Amino acid sequence: MTHTPALTPAQLEEFGRELDAIREKVVADLGRADVDYIRTVVKAQRGMEVAGRALLMFPLTWLPGTALLSVSKILDNMEIGHNVMHGQYEWTGDPALSGQTFEWDTACPANQWRHSHNFTHHTYTNIVGMDRDIGYGILRMSDDQSWRPYYLGNPVYALLLMVLFQYGVALHELETERIASGEITLGDKREVLQEIWRKTRRQVLKDYVAFPLLAGPFAPFVFTGNMTANLVRNIWAFSIIFCGHFPEGTQEFSIEQSRNETRGQWYYRQILGSANLTGGKLFHILSGNLSHQIEHHLFPDIPARRYAEIAPQVREICQRYGLPYNAGPLPKQFATVVRKIVRLGLPTRRSPLPAVAARVAA
Amino acid sequence: MFTQTYALPRPRIPGRLLALLAGPHGVDRYTELVDPMWTTENRATVVRVQRSTPRSVTLWLRPNHPARFRAGQYLNVTVEIDGRRHTRCYSPANAEGVPMIELTIARHDGRTVSEYLFRSARPGITLGLSAPAGDFVLPAKPPPRLLLIAGGSGITPVMSMARTLADDDRYDGDVAVVHYVRTLDDACYRRQLRMLPGIRALHACTRDTRGDLPGHLDERHLARAMPDPDAVYVCGPTALVDAVRRHHPTAVAESFAPAPLVIPDTPGGGRITFSDSGVEAENDGRTLLDQAESAGLRPASGCRMGICHTCTRRKVHGAVRNVTTGALSTEYDEAVQICVSAPVGDVEIAL
């Protein structure tokens, strides 16, 4: 049973202030180094994309072509796309880095992502019934989701989601679980569906029709290369993302608990609901710095390259206030996620959510 | 922003196929990585820099697409300083049709962009440009007696007009240029003006006895420069424009000097202009989102706590204070999260 440390309102306020101070210090320091960094990543990504697609035109270079295209898609979606769309580089005034207009190389329409991720997921992180990232509407990822026989297929649905992650993410705003339960109809989601179809169609035409056809007789190689690159990105992104809020030790919250949150309480929920992945600099870049999930959830709109430098300060604050700082290597964290997926596929006794009193000492 | 308007003719990207293959980013976002000038967006490279007076710097820019401005118009120029882009209006001083754009920027103390350009402009840096704009232009057939008056950096559009007329073989009228400066050393283009055929140039120094005319503008200056002009053009500080208009009420004018930003101590006071909706409201100090909603507008919003950036809009001008951090931001054309931004004084927001 995970321990939920209690903090007095005064402590929570001081806690919030200390974290605010970290953010302000970073914001005041933003400048050329940050924008040079992201432009370097963008240049590398686009270079790899062009090189990868060019190499895929020839069967002999299928492997390096696919590898380069895989990394290019990973960088575009994670270190560049996810971070830019969070508004992390809005302060530059560069339209190429504007979160509100950025579109990414994946089937999910950026507008829908901005709504479901930046707003819904980040505001209501780990609140059962409000954060739809808890299970994505098809999985049982929390004890607080009531078990149904449908969930016996939990591991299968997770595997399918992982392989088809691009399309799973694309369909997120469709709220298929609410359509299935009859709460809303497909007709209610007509515009959402049209937008998804428009984006997905262009991506499919690009990767599976246009580029293969350009290669003439070598079309099958380009087709499989593009498919493999998409698959690699899907598996990698799924693994990193699922390690963000589901490893052993992360906590969910009820709607009642999170009502009328102060800033300190919001920070508290973000920390307890998130988990980090340890690794080297390259690992952090390839994970889009989602390896610093805790820092990202505390400060979603500061450039992700800054998370590594503030992590020690965040960790120190957690230690002082007695809060858990959940961090571990990818294989270990992912193993606990897999265990959870399998365990929750079976009926489990509903464990009570940490009581309100346990979170805020009287 | 680099791309303000799209009035300039832009090379068409060949084929929807290319757009599909280069999607979703678009071809520009690949080509500009090879060379920042290889883009359909309007950009320019600085090719030469000269600090001809102690308080001004002249830049010669090579644009990637022809700028096609009319003499007297201005361009929005975007420069990146320590990672942030800033946009300011400058009038090219070269004649119409000359491919190289010549800008002379007056250095104002404490002003970010002019200070940066004066200190750090060098050949090779890339600037963003907009389409030309402005109504301070000569008529299609310029009248025979033309009086052009400039105050300080207002000389730049006037210089463009004078050079264009001097180059124009079909024009044989009389042009007088009067440039108001503090001291003669501050008069940029003094030499160039005197060399222009058919243009009579006079310098009026307000703090120097070496000028052709002493002190501030009055009837004697105007009489000496040109007693009966068919048209008068004036570009400079508001005081100069007002003084000219007292004698020539129909003078065509452009006022250059940036209005000083008056920041009151308390959050409320002043007016908010919601420029996209054509709505105005008294500023009561609450966040821009709250005040917009009270005014009947429905801007997109999300977390209402400054996290998700759903509500980010462009603040055209004015000062806002971040209600979470207390930070004040006064920059023009700045992206602000309206849910945590409280206007201070007059603010114009694009919503």
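Since this is a predicted model, take the numbers as computed values, not measurements.

In terms of helices and strands, chain B carries 8 helices and 18 strands. Taken over C-alpha atoms, the radius of gyration comes to 23 Å for chain B, in line with the 20 Å a tight globule of 351 residues would show. Each of the three principal axes of chain B carries a C-alpha extent, and together these read 65 × 55 × 35 Å. Counting the 351 residues in chain B, one finds 41% classified as buried. Considering only intrachain contacts with a sequence separation of at least 6, the fraction spanning at least 24 residues in chain B is 62%.

Residue and element names in this part refer to chain B. Within helix H7 (residues 238-247), the full set of buried residues consists of Leu240, Ala243 and Val244. The arc that holds the buried residues of H7, viewed along the axis, is 95 degrees, so those residues lie on one side. Looking at the buried side of H7, the elements it contacts are strand E7 (145-151), strand E8 (174-181) and strand E11 (231-236).

Now for the nonpolar core. Residues Leu148, Ile149, Val158, Ala162 and Val177 of chain B are the most contacted members of the largest nonpolar core, which totals 62 residues. In terms of domain composition, this core takes at least three residues from each of domain 1 (16-129) and domain 2 (145-255) of chain B. Residue contacts for Val158 of chain B: discarding those within four places in its chain leaves Leu148, Ala150, Val177, Tyr233 and Cys235 of chain B. Core analysis: the second largest hydrophobic core is formed by 54 residues, Val42, Val84, Ala237 and Phe238 of chain A among them.

Another aspect to go through is the sheet that holds strand E2 (residues 56-63) of chain B. Residue and element names in this part refer to chain B. Spatial ordering of the open sheet is given by E4-E3-E6-E1-E2-E5, a layout of 6 strands whose pairing is antiparallel. The open sheet has two edge strands with one neighbour each: strand E4 (84-90) and strand E5 (101-106). Neighbour to neighbour, the strand axes of the sheet diverge by 40 degrees on average, direction disregarded. Where strand E3 (residues 75-81) and strand E6 (residues 126-129) come together, 2 bridges link them in antiparallel fashion. Bridge pairing in E6 places Val77 opposite Leu129. Docked against the sheet, helix H3 (residues 112-120) engages E2, E3, E4 and E5, running at close to 70 degrees with respect to E3.

Across the boundary between the two partners, chain B contributes 24 residues, which contact 35 residues of chain A. Of all elements in the fold, only helix H1 (16-21), helix H2 (28-34) and E4 of chain B reach the threshold of two or more residues within the side of chain B that touches chain A. A class-by-class count of the residues in the side of chain B that touches chain A yields 12 nonpolar, 8 polar and 4 charged.

Cis geometry marks the peptide bond from Gly23 of chain B to Pro24 of chain B; its omega dihedral reads -5 degrees. When you line up the elements, Pro24 of chain B lands in the loop between H1 and H2. Of note, Asn260 of chain A is a non-glycine position whose phi angle comes to about 50 degrees, a positive value. Inspection of the secondary structure assignment puts Asn260 of chain A in the loop between helix H9 (219-245) and helix H10 (263-272).

The next subject is helix H2 (residues 32-55) of chain A. Counted at 1.5 Å a residue, the expected span for H2 of chain A with its 24 residues is 34 Å, and the 34 Å between its end C-alpha atoms agrees. All of the buried residues in H2 of chain A are Asp34, Val35, Ile38, Val42, Gln45, Arg46, Met48, Glu49, Gly52 and Arg53 of chain A. For H2 of chain A, the elements touching its buried residues are helix H3 (62-85) and helix H8 (190-214) of chain A together with H2 of chain B.

So, about the domain arrangement of chain B. Residue and element names in this part refer to chain B. Annotation of chain B at the domain level lists domain 1 (16-129), domain 2 (145-255) and domain 3 (271-350). Domain 1 and domain 2 are separated by 27 Å when their C-alpha centres are compared. Domain 1 puts 15 residues into the contact, and the matching count from domain 2 is 14 residues. When residues of the side of domain 1 that touches domain 2 are traced back to their parent elements, those giving at least two are strand E1 (43-53) and E5. Here the residues of the side of domain 1 that touches domain 2 sort into 6 nonpolar, 7 polar and 2 charged.

Residues and elements named next belong to chain B. Extensive coverage of E3 is indicated by the burial of 5 of its 7 residues. Where E3 lies against E4, 7 bridges are found, and the strand directions are antiparallel. Note on E4: the bridge partner recorded for Leu75 is Tyr90. Between the antiparallel neighbours E3 and E4 lie 2 residues, among them Asp82 with a positive phi of about 50 degrees.

Before going further, it helps to spend a moment on the sheet that holds strand E9 (residues 199-205) of chain B. Residues and elements named next belong to chain B. Strand order in the open sheet formed by 6 strands is E10-E9-E8-E7-E11-E12, and the pairing between neighbours is parallel. Strands at the two margins of the open sheet, each flanked by one partner only, are strand E10 (213-214) and strand E12 (252-255). The sheet strands contacting H7 are E7, E8, E11 and E12, and the helix crosses E11 at an angle near 160 degrees.

With 3 bridges joining them, E1 of chain B and E6 of chain B adopt antiparallel strand pairing. Each residue of the ladder has a partner; that of Thr45 of chain B, found in E6 of chain B, is Thr126 of chain B.

Residues and elements named next belong to chain A. Look at H9 against helix H14 (residues 330-344): their axes get within 9 Å of each other, and the N-to-C directions meet at 75 degrees. Relative to H14, the element H9 lies roughly perpendicular. Where H9 approaches H14, its residues Ser239, Phe242 and Cys243 are matched on the opposing element by Leu330, Gln333, Phe334 and Val337.

Cut-offs and rules
Residues numbered from 1 in each chain as written. Chains lettered and ligands numbered in written order. Predicted model: local features only at pLDDT ≥ 70, side-chain atom pairs only at ≥ 80, totals over all residues. Helix = DSSP H or I, 4+ residues; strand = E, 2+ residues; numbered from the N terminus. Rg over C-alpha atoms; globule rule 2.2 N^0.38 Å. Buried ≥ 20, exposed ≤ 12 C-beta atoms within 10 Å, placed from the backbone. Contact = placed C-beta atoms within 7 Å. Arc of directions from axis to C-beta. Core = buried A, V, L, I, M, F, W, Y, C linked by C-beta atoms within 7 Å. Domains from an automatic or database assignment. Pairing = 2+ DSSP bridges. Axes fitted to C-alpha atoms, helices over the stretch in contact; angles between N-to-C directions. Nonpolar A, V, L, I, M, F, W, Y, C, P; charged D, E, K, R; others polar. Expected span 1.5 Å × (residues − 1). Parallel < 35°, antiparallel > 145°, perpendicular 65-115°, else oblique.

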